[in-house]
Amino acid sequence: MPSSLDELPAHVRLESHPTACNKAVAVSNVSPGSVILDVPSMVVLLLPSGKGHRCDFCLCSEASTVRLARCAGCASYWYCGTQCQSLHWGSHKKYCKRLASFTASADFQCLEEHEKLAALLHTHLIAEISSNVLCDARAKQLSTFMSLLPGPQHGSPPIACPMSVSVEVHQSLEALFSRSGNNNFAVHSHLTTIAHGIFPLASRLFNHSCLPNAAARYVIRQGQPVHMEVVALRQINASEEICISYVDPALIESRQQITHFTYGFSCTCPSCNFINTIGAIPPLPVSEAALADLDNALQRFCIPSGDIDDHTLLAGSALQVLPKNLHCVLHEGYLSRLTDTFSESSHEGSYRVALNVGLSVFAMYLLIYPTNYPQIGMHLLEMAKTAWNAVIAADHDNEQDVPAKTSLLKRAQIYLDLSSKIIKVFGSEGDPGGPLEELAVLENLLREDERSQLPVRKAWYDQ
Ligand SMILES: [Zn+2]
Ligand SMILES: [Zn+2]
Ligand SMILES: [Zn+2]
């Protein structure tokens, strides 16, 4: 990498790649949970749902200790303090006064939601590049960004808020967009997307796989730019390529089109290769009875022991041997039907229904996600909470079936232990609290319950 670009992290060297710029390979063995890369954002854009609830610069949440103040110039940006406001001002001043008329204009209003986000991210990017605050680190970040391969061009760049820019910037608007269009990441807190961000070195280093061995998490610190940390999900051996996923691997049917149209490549990961060999995915059965049979057959295949245990955690390898009669589960609608039913039934208090559907969701996750993928850990945490709540509901109904309750408590503990293993590899992300704190609370409830002879149990949601 030329010296004008960002420096490579210690764990990584670049090798040539037949279609991408390069590939990042591990210099030596990397253990699960290790941080491979830690980089600040070049540009972030808070999603509209967070407006007025999070700082537009550092993304920290409003809390008892964090009061947000509105920018007097545009009345649509909020900051957690003068530090963020002044750090952002170098670029924000470029469009602050004109933003209201831009977002009220017919040209902006007629855009779809995702196009509005693209227009605002483009605005942030142009302003950032045109701002006069130039230091060596920022200059390197920018040249790393410009060294990225342009994505496939589809039409002209999005509109942007009018601002004064140099002739140079004006001439490179298309070049900027052809890189930002395919190199912006969904920034998440506890795996929920809160913003979009550009992290040029991460884009430059890591190619995509639907079965990645690493994943990006985000660090929010009040008064500082958001950082992306790329974490090893499993042991990565020396000379092995390090990949992250650009697209949610659960988008089984659409992800290949997304990688093709947005990024300009065809994914050749083992999961996509398998899906290509089966051709058209056969249709799903229509009747509820046939769907229930399918759910059971999927569970028997992915979870042969009948319930989740350590041996079922060989995620990502089951797909390759998926029998023909189960190919139809690869329709995206199948998984969304399961996750909808799981969340509905666990919220409505139909815990036993939820626990059964939850097993089917888990079976699907074993097919589509790699080992230790954080979504698997989050789902197991929800399963543990559901099993605990099922015991509370049984207490409430005065059920005397002690073996049934004991078995539910045992399940809660198993789900919790596995969830904890996975979530701890990924580590904490975004706002304080979140899954690591929830794990500790439930762990405590289960431990107290075991000690107590006549437990008066508290529902999860009363905590
Ligand atoms: Zn802030
Ligand atoms: Zn403003
Ligand atoms: Zn793939």
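Use the structure listed above.
In short, a report on the structure. Remember, it's a predicted structure, so these values are computed and weren't measured experimentally.

**Overview of the overall build of the protein chain**
Counting secondary structure elements, the protein chain contains 16 helices and 12 strands. Taken across its 463 residues, the protein chain has 50% of its residues classed as buried. Long-range pairs, those at least 24 residues apart, make up 71% of the contacts in the protein chain with a sequence separation of at least 6. Put simply, the protein chain shows about 21500 Å² of open surface, and 54% of that area lies on carbon and sulfur atoms. Separation of charge centres in the protein chain, based on 33 positive and 44 negative side chains, amounts to 5 Å.

**Observations regarding the pattern of salt bridges**
Applying the stated criterion to the full structure yields 13 salt bridges. Linking Lys-140 and Glu-7 is a salt bridge whose minimum nitrogen-to-oxygen distance equals 3.9 Å. Of this pair, Lys-140 sits in helix H5 (residues 136-146) while Glu-7 sits in the segment before strand E1 (12-15), and the two are 133 residues apart along the sequence. Note on Lys-140: relative accessible area 19%, which makes it buried. Of the residues examined, Glu-7 reaches a relative accessible area of 64% and is grouped as exposed. For Asp-431, the salt bridge goes to Arg-54, with nearest N and O atoms at 2.7 Å. Separated by 377 residues along the polypeptide, Asp-431 in the loop between helix H15 (402-426) and helix H16 (435-451) and Arg-54 in the loop between strand E4 (43-46) and strand E5 (69-70) bring together distant segments of the chain. Taken together, the shared-partner salt bridges in this structure form one network comprising Glu-382, Lys-385 and Glu-438.

**Concerning the coordination of the zinc ion (ligand 2)**
Every protein donor of the zinc ion (ligand 2) is listed here as Cys-71 (SG), Cys-74 (SG), His-92 (NE2) and Cys-96 (SG), and their distances to the metal cover 2.0 to 2.4 Å. In primary sequence terms, the donor set of the zinc ion (ligand 2) follows C-x2-C-x17-H-x3-C. Here Cys-71, found in the loop between E5 and strand E6 (78-79), pairs with Cys-96, found in the loop between helix H1 (82-92) and helix H2 (99-104); they are 25 residues apart in sequence, far enough to count as distant. Take Cys-71: its relative accessible area is 3%, and that puts it in the buried class.

**Section: H15**
With 25 residues, H15 ought to run about 36 Å at 1.5 Å a step, and its terminal C-alpha atoms sit 36 Å apart, in line with that. With a side-chain oxygen lying 3.2 Å from the backbone nitrogen of Ala-404, the N-terminal cap of H15 falls on Asp-401.

**Quick word on the nonpolar core**
In this structure, Ile-36, Cys-55, Phe-206 and Met-228 are the most contacted members of the largest nonpolar core, which totals 65 residues. The leading source of residues in this core is helix H4 (residues 113-130), at 7 residues. Excluding residues that lie within four positions of it along the chain, Ile-36 makes contacts with Pro-9, His-11, Val-12, Val-30, Phe-206, Ala-214, Val-230, Val-231, Ala-232, Ile-236 and Ile-242. Counting 64 residues, the second largest nonpolar core, distinct from the first, contains Ala-250, Ile-278, Leu-338 and Tyr-365.

**Comments concerning the coordination of the zinc ion (ligand 3)**
Bound to the zinc ion (ligand 3) are the protein donor atoms Cys-210 (SG), Cys-267 (SG), Cys-269 (SG) and Cys-272 (SG), situated 2.2 to 2.3 Å from the metal. Coordination at the zinc ion (ligand 3) comes from 4 donor atoms whose angles at the metal span 104 to 114°, giving a geometry best classed as tetrahedral. Donor residues for the zinc ion (ligand 3), ordered by position in the chain, follow C-x56-C-x1-C-x2-C. Here the two residues Cys-267 and Cys-272 agree in accessibility, since each one is buried.

**Points about the sheet that holds E4**
On the basis of which strands lie adjacent, the open sheet formed by 3 strands has the order E4-E8-E7 and antiparallel pairing. Taken across any chain shown, the strands that pair with only one partner, and hence form the sheet edges, are E4 and strand E7 (184-189). For this sheet the average axis-to-axis angle between neighbouring strands, irrespective of direction, equals 35°. In the sheet, E7 pairs with strand E8 (residues 192-198) via 6 bridges, with the strands oriented antiparallel. The residue of E8 that forms the bridge with Phe-185 is Gly-197. Across the face of the sheet, H4 comes into contact with E4, E7 and E8 while running at roughly 145° to E4.

**Digging into helix H11 (residues 288-302)**
With 15 residues, H11 ought to run about 21 Å at 1.5 Å a step, and its terminal C-alpha atoms sit 21 Å apart, in line with that. Looking only at H11, the buried set comprises Leu-291, Leu-294, Asp-295, Ala-297, Leu-298, Gln-299 and Cys-302. Lining the buried residues of H11 we find helix H12 (332-348) and helix H13 (351-368).

Cut-offs applied
Residue positions are given per chain, counted from 1 along the sequence in the order it is written. For this description, chains carry letters from A and ligands carry numbers from 1, given in the order in which they are written. pLDDT decides what is reported in this predicted model: residues at 70 or higher carry local features, side-chain atom pairs at 80 or more are listed and counted, and totals for whole chains, interfaces and linings draw on all residues regardless. Excluding hydrogens and water, the side-chain figures rest on all heavy atoms present in the structure. Only DSSP runs of H or I with at least four residues qualify as helices, and only runs of E with at least two residues qualify as strands; both kinds are numbered from the N terminus onward. Exposed residues in this analysis have more than 50% of their type's maximum accessible area, buried residues have under 20%, and partly exposed residues fall in between, with area computed by a 1.4 Å probe over protein chains only. Contacts: residue pairs with any heavy atoms within 4.5 Å of one another. Using a 1.4 Å probe, the Shrake-Rupley method yields the accessible areas, and only the shown protein chains count as cover for residues. Neither His nor the chain ends contribute to the count of charged residues, in which Lys and Arg are positive and Asp and Glu negative. One atom stands in for each charge, and that atom is NZ of Lys, CZ of Arg, CG of Asp or CD of Glu. Any carboxyl oxygen of Asp or Glu within 4 Å of a side-chain nitrogen of Lys or Arg constitutes a salt bridge here. A 2.8 Å cut-off from the metal defines N, O and S donors, relaxed to 3.2 Å for Na, K and Ca; water is not in the atom list, so some sites may appear incomplete. Expected span, for any helix, means 1.5 Å times one less than how many residues it has. Side-chain atoms alone can form a polar contact between residues adjacent in sequence; in general such a contact is a pair of N or O atoms within 3.5 Å, and within protein one must be able to donate a hydrogen while the other accepts it. Among buried residues, those of type Ala, Val, Leu, Ile, Met, Phe, Trp, Tyr and Cys that are joined through side-chain atoms within 4.5 Å constitute a nonpolar core. Only four donors with every angle between 85 and 135 degrees are called tetrahedral; only four or six donors with opposite donors over 155 degrees apart and all others between 65 and 115 are called square planar or octahedral, in that order; all others are irregular. Pairing between strands is defined by DSSP: at least two bridges between them are needed. For every element, the axis is a line fit to its C-alpha atoms; helices are fit only across the contacting stretch, and the angle between N-to-C directions ranges from 0 to 180 degrees.

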